[in-house]
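# Chains, contacts and geometry: an overview
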Amino acid sequence: MAGKLQKGWFGGWWTTGVCLAALSYIPGLWAQMVLVNDTVSGFIGTDVMLHCSLNNPNPTVKITQVTWQKATNGSKQNVALYNPTLGVSILPHYKERVVFRAASNKDGTIQLSRLELEDEGVYICEFATFPTGNRENQLNLTVLAKPTNRMEEKTNPLIAKSDMTEKVLVATCTSSNGKPPSTVTWDTKLKGEAEYKEIRNSNGTFTVISRYHLVPSREAHRQTLTCVVNYQLDRFTDSMTLNVLYEPDIKIEGFDGNWYLNRKDVRLMCIADANPPATLYQWRLLNGTLPDNVEIQNNTLFFKGPVTYNLAGMYICEATNTIGKRSGVVEVNVTEFPSTPSPPGATVVQSNIPTAVIGGVVGGVSLVVVVAVVVFVVLRHRRHTFKGDYSTKKHVYGNGYSKAGIPQHHPPMAQNLQYPDDSDDEKKAGPLGGNSYEDEEDDGAGGERKLGVGPNKYDDESKRPYFTVDEGEAHTEAYDERTLGFQYDPEPLDIAENMVSQNDGSFISKKEWYV
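On a predicted model such as this, the values are computed, not experimentally measured, just so you know.

### What about the pattern of salt bridges?
Summed over all chains, the structure comprises eight salt bridges. Put simply, E136 and K76 hold a salt bridge, and the shortest N to O gap is 3.7 Å. Here E136, found in strand β11 (residues 133-144), pairs with K76, found in strand β6 (residues 75-83); they are 60 residues apart in sequence, far enough to count as distant. E136 gets classed as partly exposed once you look at its relative accessible area, which sits at 41%. Measuring nitrogen to oxygen at the nearest pair gives 2.4 Å for the salt bridge that ties K179 to E120. Of this pair, K179 sits in the loop between β14 (168-178) and β15 (183-188) while E120 is found in the loop between β9 (110-112) and β10 (121-130), placing the two residues 59 residues apart along the sequence.

### So, the sheet that holds β9
Across the sheet, three strands lie side by side as β3-β9-β8; this open sheet has antiparallel pairing. Both edges of this open sheet fall to β3 (48-50) and β8 (98-100), since each of them pairs with a single strand only. Across the sheet, the mean angle from the axis of one strand to that of its neighbour is 25°, orientation sign disregarded. As defined by bridge partners, β3 adjoins β9 across three bridges and the pair is classed as antiparallel. When the sheet's bridge partners are listed, M49 is paired in β9 with Q111.

### Section: unusual backbone geometry
Residues F130 and P131 are joined by a peptide bond in cis, for which omega reads 10°. Checked against the element boundaries, P131 lands in the loop between β10 and β11. Looking along the chain, the bond that leaves N275 and enters P276 is cis, with omega of 0°. Unlike most non-glycine residues, R222 shows phi in positive territory, near 70°. Summarising the element assignment, R222 is placed in the loop between β17 (206-214) and β18 (224-231). Residue R222 is classed as exposed on the basis of its relative accessible area, which comes to 66%. Positive phi is not limited to glycine here, since D265 has a value of about 60°. For D265, the position within the fold is in the loop between β21 (259-260) and β22 (266-275). Judged by relative accessible area, D265 falls into the exposed class, the value being 70%.

### Remarks on the packing of aromatic side chains
Applying the stated criterion across every chain yields a total of six aromatic pairs. Where W186 meets Y212, the ring centres are 5.4 Å apart and the plane angle is 50°; that geometry is what we call tilted. Within this pair, whereas W186 is found in strand β15, its partner Y212 is found in strand β17, the two being separated by 26 residues in sequence. For the pair shown, W186 and Y212 are each scored as buried.

### Some thoughts on the environment of S104
Position of S104 relative to the elements: it lies in the loop between β8 and β9. The partly exposed category is assigned to S104, whose relative accessible area is 28%. Each C-alpha atom of the pair S104 and Q65 lies 9.6 Å from the other, and the pair is 39 residues apart in sequence.

What counts as what
- Along each chain, residue indices are assigned from 1 in the same order as the chain's sequence is written.
- Two thresholds apply to this predicted model, a pLDDT of at least 70 for residue-level local features and 80 or more for giving and counting side-chain atom pairs, whereas whole-chain, interface and lining totals are computed over all residues.
- As a rule here, side-chain values come from all non-hydrogen atoms in the structure, and water together with hydrogens is ignored.
- Any Lys or Arg side-chain nitrogen found within 4 Å of a carboxyl oxygen on Asp or Glu counts as a salt bridge.
- Each helix corresponds to a stretch of at least 4 residues labelled H or I by DSSP, and each strand to a stretch of at least 2 residues labelled E; elements are numbered beginning at the N terminus.
- Three exposure classes are used, based on accessible area relative to the maximum for each residue type with a 1.4 Å probe and protein chains only: buried under 20%, partly exposed in between, and exposed over 50%.
- By this definition, two strands are paired if DSSP reports at least two bridges between them.
- Axis lines are fitted to C-alpha atoms, over the contacting stretch for helices. Their N-to-C directions set the angle, which ranges from 0 to 180 degrees.
- Two rings from Phe, Tyr or Trp (for Trp, the six-membered ring) form a pair when their centres sit within 6.5 Å of each other. Planes less than 30 degrees apart are called stacked, planes more than 60 degrees apart edge-to-face, and all others tilted.

Function-wise, these values are silent; they only describe arrangement.
So this is what it looks like as structure tokens:
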């Protein structure tokens, strides 16, 4: 009965379709539209809604049937039908998985449950109306499949050899039966190489396989390798820590470069980095035998008693594990006295200043020092060879060349003055204080005085070397009045007759004025 009904419906649709041309001018015909989702997607085993409705503004148009079909290889296959009079009909393949959510004259939405990969395709929703004919629209249904992800480690052990250059398989990351295919990557600091392979399965899913290869090495031991699978918005990760077997790497500790005579409690330790750990240690001395006072305890050499020169030499330690054996060597030197290394914690200050800048600064400082030395030598030479004073203003009583109210010019020099030849006494300052005049004598003729003859006495004042301020400052402060006592007669003098005033308020003797 159902089959006949379906056949009758199809025949009615065909007859109605023939009449479409004749009905094309019926008012409101082209205003009718079938509304559907453009794309619908869902994962295998889930439910999806396929929406379909008719926009029918003309109330005189009558809906006679709603039909869902699937396009397969260029043909249409019925899925479900709704007739307002006859009810709902579902094809056997979709029974118990397809239902009309709100079957009515305007709504033909269905729910497809427990999605299968075969459900993917193009679905057509068609409304049969009278007298306007058929109206339809189509949507795409995509069925997604979450992949199964796993990471597998290599079962054979990874062994590092010093002469090994060939890459070996370390791990495999697989994302199986996914739709669409997954993206597989590796997250690691290892310097390996990954290869990828994508397989399309017969049911439309994909399997992605990635294999990671590297050359086993000591540096790869205990490094982490992580497989990362990205599928849609999901992210899967799985990690492994590499276990690389390698032969021992030897380092000998204990010799600090300061083994001196009579030092005690010295030892040498053989440190072996190996996987698996070293099980055998052997010590020997290059070109000789181990000293008699040596005690071997596994990986350590203990030297009993004080250090002697006999302990010097090249010590070799050989360590062995299941992968292989390797040796390390240290040269021991013995000195007579202990060295004095830098104290613990001492730091070396490093400068980031460019070498050119440092050289320029050093050169500049050196130049300044040289100039200062030259100036000092010249000034010292002048002082030792100076016979007088360049500026008489440095004398105690003024500069000797300026006079208030008188034009500044050099006074005429006395024609009859004579100077004795240089002597050692003239190059040195005379004695200070009153003792210089203790030998003064009265000649008995009018109370005139004359200086006594001595090593620091002069017969004529005009021939006495000038006593300058510079020379006076070289003596102690005990001689505050030494200048007057040294250069001038202690008897009272008439300032108005014997002195000449200067612009700066000082006075100078007429005798010095005409020098």
